[in-house]
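Listed below, chain by chain, are the residues.
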Amino acid sequence: MDRGRVIEFLAQIPLLQRLPSLSLRKIAQSVRVKRYENGEYVVREGKTGELIYFILEGQAEISGPADAEKGNYPTVSLKKFDTFGHENYGCINRANVIALSKLTCLLLSDHYSNLLQPKSIWNADEASEGFSLVERTLCLEPLEVDIFRGFTLPGSPSFRQVFGGQFIGQALAAASKTVDCLKLVHSLHALFILAGHNNVPIIYHVHRIHDGKNFATRQVDAQQNGRVIFILLASFQKVVEEFEHQEVCMPHVPDPETLPNLEELRERRLSDFNIPMEYRNKINSKKFIPWPIEIRSCDAINFSEQSEPRLKYWFKARGKLTADPALHRCVVAYASDLIFGGISLNPHRRRGLKTASLSLDHSIWFHRPVRADDWLLFVMESSSASGGRGLCNGQMFNKSGQLIMSITQEGLIRKAKVAVQNEVPKSKL
């Protein structure tokens, strides 16, 4: 049987979609095909289970052992994409499985059962601790099919609430683990509803809206304490090569290697005697934790003085990333919310004025393949601000000048409210 067809089939099995793509390809290389006639026993009760079965064609039935008290025989119907045996391999089978028609199965020996229990949803061989902080942040814990749990890890960007990019990246990771690995996200639209708490796990519930030959659609609800606080709608497409053009050009900017990163800029400000001592002391008093995304700005960043509503910076993920294209799209989605919404406040800043900005909604269109551990240029501007909201538009380019992504975000911008002592925290809106 053609291996490409095997991978395409296995990639549609819900149990396998949460696995790293490399694990899926190893399973495709390890399975064998077996056919059964109508009425033939596939598995017999009382025999040792040594195989995992994936139904390729036909139907089967699980006939459970008799209920001694009620005297009935529970049955379960099986069809294409269903799996059985994975809970009993190496143990005694507790039921019969009988073909209800001509049946074709892919069989995986329990020798390869470790492929079903990878170290993480992104990497089959290595524990996630050896990888970058952003990958570990996006390494969700599968609870059930279509349900995942995410955490805010120590060292993550902290803005007194869950960073908006973390919601986007984790929700996209959850959605990506419910579609076949041959489809990659091409667009997403996110809605921020309530502020998230950094010390509370986030449950991501994925809804399978549509599955087609070339496209799939997913909705993800992020919940804390039983309340939906964030929603993501994402569309996935099977990778194809078709018409291509690019009218927009990457602006001329310095190479990232020639620019200081945010940590170096901070050290320069601390030792710059032209900056007021009060401001330097304020910077030094705050605990500094580098972000998992390295940023090198092409323009001056000043959050205390008025400036134009635009910014350009290079960025890439710090540390080691697994070479999974779905992961790299999750990482750039995570990074796309850093500083982005705040530029709509630039024309309104002045010394002594305290401001606040919060993401309301966020959209991304992915145009071309991306590597999140290579330098990407984020070009952004705010075209409008009114009604307490600011609109921002952005483009991301790789070092070759290819347009990788387009991004739009609207955020809440306003003067910061003076905190009332002992006031109970409310929703972000």
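The rules behind these values
Residues numbered from 1 in each chain as written. Predicted model: local features only at pLDDT ≥ 70, side-chain atom pairs only at ≥ 80, totals over all residues. Heavy atoms only, no water. Phe/Tyr/Trp six-rings, centres within 6.5 Å; stacked < 30°, edge-to-face > 60°. Helix = DSSP H or I, 4+ residues; strand = E, 2+ residues; numbered from the N terminus. Buried < 20%, exposed > 50% of the residue type's maximum accessible area, 1.4 Å probe, protein only. Lys NZ or Arg CZ within 6 Å of the ring centre and 35° of its normal. 1 Å grid on protein atoms, 1.4 Å probe; cavity = no way out; pocket = protein on both sides within 12 Å on 5 of 7 lines; lining within 4 Å. Points joined across faces, edges and corners; volume = space filled by probe spheres on them. Nonpolar A, V, L, I, M, F, W, Y, C, P; charged D, E, K, R; others polar.

1. So, the packing of aromatic side chains
The relation between two aromatic rings is expressed through the spacing of the ring centres and the mutual angle of the planes.
1) Next: What the rule picks out here adds up to nine aromatic pairs.
2) Next: Here the aromatic rings of F9 and F81 are separated by 5.3 Å at their centres, their planes lie at 20 degrees, and the arrangement is stacked. One end of the pair, F9, is in helix α1 (residues 3-10); the other, F81, is in the loop between β5 (75-78) and β6 (83-84), with 72 residues separating them in the sequence.
3) Next: With relative accessibility at 5%, the residue F9 sits in the buried group.
4) Next: On the basis of an interplanar angle of 10 degrees and a centroid distance of 4.6 Å, the ring pair of Y53 and F84 is categorised as stacked. One end of the pair, Y53, is in strand β3 (residues 51-57); the other, F84, is in strand β6, with 31 residues separating them in the sequence. The burial state of Y53 is the same as that of F84; both residues are buried.
5) Next: Every member of this aromatic cluster is reached through a ring pair, and the members are Y313, F315, F340 and F378.
6) Next: We note R44 situated over the ring of Y41; from NZ or CZ to the ring centre the distance is 3.9 Å.

2. Here's the deal with the layout of surface pockets
1) Next: By volume, the second largest pocket amounts to about 750 Å³.
2) Next: Lining the second largest pocket we find 28 residues, and of these V240, R329, H367, R368 and P369 sit closest to its centre.
3) Next: For the lining of the second largest pocket, the secondary structure elements donating two or more residues are β11 (183-192), β14 (227-238), α8 (325-335) and β17 (355-366).
4) Next: Its residues assigned to classes, the lining of the second largest pocket shows 13 nonpolar, six polar and nine charged.

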